[in-house]
Amino acid sequence: MRRSVIAGTGSYLPAKILTNHDLAKMVDTSDEWIVERSGIRQRHIAADGEKTSDLAIAAAHKALAAAGIKGADIDLIVVATATPDQTFPATAARVQAALARPGIPSFDVQAVCSGFVYGLATADNFIKAGQANTVLLIGAEVFSRILDWKDRATCVLFGDGAGAVVLKAADGKGTPADQGVLSTHLHSDGRHHDMLYVDGGPSTTQLAGHIRMKGKEVFRHAVVNLAATVEEALAANALPVSAIDWLVPHQANRRILDSTADKLGLDPSKVVITVDKHANTSAASIPLALDTAVGDGRIKRGDLLLLEAMGGGFTWGSALVRF
Ligand code: ACO
């Protein structure tokens, strides 16, 4: 059975750090409120002129180096982003021009905070179908550009960044002992489109717009949906919660991470947490967390990883991966 193995990871964060104390000078908020409600202490903010594709390309270079391959070896590029450089062409095309062979397919995936899991499912299916052997998958966002910096309910929660993985085809036995992506599960429910959305777009206002959110409703749905998708991933592979070495969740909010771990009965020390330093970087948050824990030695080859995310749409999903 063909499997998609994570051959290397990489990430990039813009140099500028905005702390909660900095934000308290801009809107009526405080470090205490933000830390207590979200666990966030700081976020990175892209420099003037620094685009999503710049972040994506920087993260990709590191993932390629970690995988020991060159840009010319890539045969598919998928970029998960809700903040593309332009409405079109796809940000993935910019990445292709910067570091891969002309002619290979490249496209963006838009599932907001679930974008990386959607991108991973897409890449895995291309590999399983034999249509790709080496895929560059990136999650990259510049959410600072779609924040309403006067809305304290949203502007304190998000940040900018990018994370990337190189996926390579490998032969497996078709059991949970295989290295690579073991399963992916994706969901959406557009009835809740107005709970977390951007109030603009080409066919509505012709402007990029700003994030709007009903925080309490998002929180409630997130905890229920995330626990359900983690459970379905384990059931599909006939594995108990105790088999998970690391939960690598989308980093929206510390309280959502804690509630999800608690609902599952998962040891909190098995949850990779970066939301304190990165805030919510949407599609970039899972590959950023993954690269952080691979880089500091927590995640090792052979470990079983459970990736999960929920975002605007609503969209949500999970992936079980043996690293
Ligand atoms: N600083 C100080 N006070 C604030 C701030 C702020 N930044 N933002 C809101 N408040 C105030 C509100 O005005 C309100 O005041 P009031 O009682 O006088 O009306 C009070 O704090 C409580 O506001 P709530 O919105 O009820 O606060 P809540 O406890 O629900 O926390 C939060 C808000 C953090 C947004 C929470 O609902 C949450 O985490 N929701 C999940 C949303 C999320 O993570 N979204 C990310 C994208 S989705 C995803 O990735 C899963």
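Residues numbered from 1 in each chain as written. Predicted model: local features only at pLDDT ≥ 70, side-chain atom pairs only at ≥ 80, totals over all residues. Heavy atoms only, no water.

**Quick look at the nonpolar core**
Heads up, the rule is: We define a nonpolar core as any set of buried Ala, Val, Leu, Ile, Met, Phe, Trp, Tyr and Cys residues linked to one another through side-chain atoms lying within 4.5 Å. Buried, partly exposed and exposed residues are distinguished by accessible area as a fraction of the type maximum, computed with a 1.4 Å probe on protein chains only: under 20%, between the cut-offs, and over 50%, respectively. Here a strand is any run of E in DSSP of at least two residues, a helix any run of H or I of at least four, and the numbering for each starts at the N terminus. The domain boundaries here were taken from an automatic or database domain assignment.
If you look at the biggest cluster of nonpolar residues, it comprises 31 residues, and the most contacted ones within it are Leu167, Val248, Ile299, Leu305 and Leu307. Of all the elements in the fold, those that place two or more residues in this core are strand 4 (76-80), helix 5 (115-128), strand 6 (134-142), strand 7 (160-171), strand 11 (246-249), helix 10 (285-295), strand 12 (304-311) and strand 13 (315-322). Counting contributing residues per domain, this core is built from domain 1 (2-171) and domain 2 (180-322), each supplying no fewer than three.

**Digging into the sheet that holds strand 13**
We count it as follows: When DSSP finds at least two bridges between two strands, those strands are taken to pair. Axes, fitted as lines to C-alpha atoms, cover a helix only where it is in contact. Angles between the N-to-C directions of the axes lie from 0 to 180 degrees. We call two residues contacting when some pair of their heavy atoms lies within 4.5 Å.
Ordered by their spatial adjacency, four strands build an open sheet running 8-13-12-11, and the pairing between neighbours is mixed. Among the strands making up the open sheet, the edge pair consists of strand 8 (180-188) and strand 11. Adjacent strand axes in the sheet meet at a mean angle of 15°, parallel and antiparallel pairs treated alike. Bridge count for strand 8 against strand 13 is eight bridges, and the pairing is antiparallel. The residue bridging histidine 187 from the neighbouring strand is tryptophan 316, located in strand 13. Packed onto the sheet, helix 7 (residues 215-236) meets strand 8, strand 11, strand 12 and strand 13 and runs at close to 145° relative to strand 12.

**Quick word on the site of the ligand**
Our working definition: Whether a residue is near a molecule or strand depends on its heavy atoms: it is near if one of them lies within 4 Å of it. N or O atoms closer than or at 3.5 Å make up a polar contact, with two conditions inside protein: a donor-capable atom paired with an acceptor-capable one, and, for residues adjacent in sequence, both atoms drawn from side chains. Note on areas: Shrake-Rupley, 1.4 Å probe, and residue coverage restricted to the protein chains presented here. Three classes are used, and their members are as follows: Ala, Val, Leu, Ile, Met, Phe, Trp, Tyr, Cys and Pro are nonpolar, Asp, Glu, Lys and Arg are charged, and the others, Gly among them, are polar.
The environment of the ligand is formed by 23 residues, the closest being Thr29, Arg37, Lys216, His250 and Asn253. Between the ligand and the protein, one listed contact pairs a nitrogen atom with a side-chain N or O atom of threonine 29 at 2.6 Å. At 2.9 Å, a backbone N or O of arginine 152 approaches a nitrogen atom of the ligand. Its free accessible area being 1000 Å², the ligand has 74% of it covered by the protein chains. Contributing elements (two or more residues each) for the shell around the ligand: helix 2 (31-38), helix 6 (152-155), helix 7 and helix 8 (254-264). Residue contributions to the shell around the ligand peak at four residues, all from helix 7. Grouping the amino acids of the shell around the ligand by side-chain chemistry returns 13 nonpolar, five polar and five charged. Here the shell around the ligand spans two domains, since at least three of its residues come from each of domain 1 (2-171) and domain 2 (180-322).

**Some points on unusual backbone geometry**
Cis rather than trans, the peptide bond between phenylalanine 88 and proline 89 has omega equal to 0°. Along the chain, the position of proline 89 falls in the loop between strand 4 and helix 4 (91-99). A cis amide bond links glycine 313 with the next residue in sequence, phenylalanine 314, at an omega value of -10°. Take phenylalanine 314: it is sitting in the loop between strand 12 and strand 13. Even without being a glycine, alanine 238 presents a positive backbone phi close to 50°. Mapping alanine 238 onto the fold places it in the loop between helix 7 and strand 11. Taking relative accessible area as the criterion, alanine 238 reaches 67% and is therefore assigned exposed. The backbone phi angle of alanine 279 is positive, close to 60°, even though this residue is not glycine. If you trace the backbone, alanine 279 turns up in the loop between helix 9 (275-278) and helix 10.

Bear in mind that shape data such as this cannot, by itself, settle questions of function.
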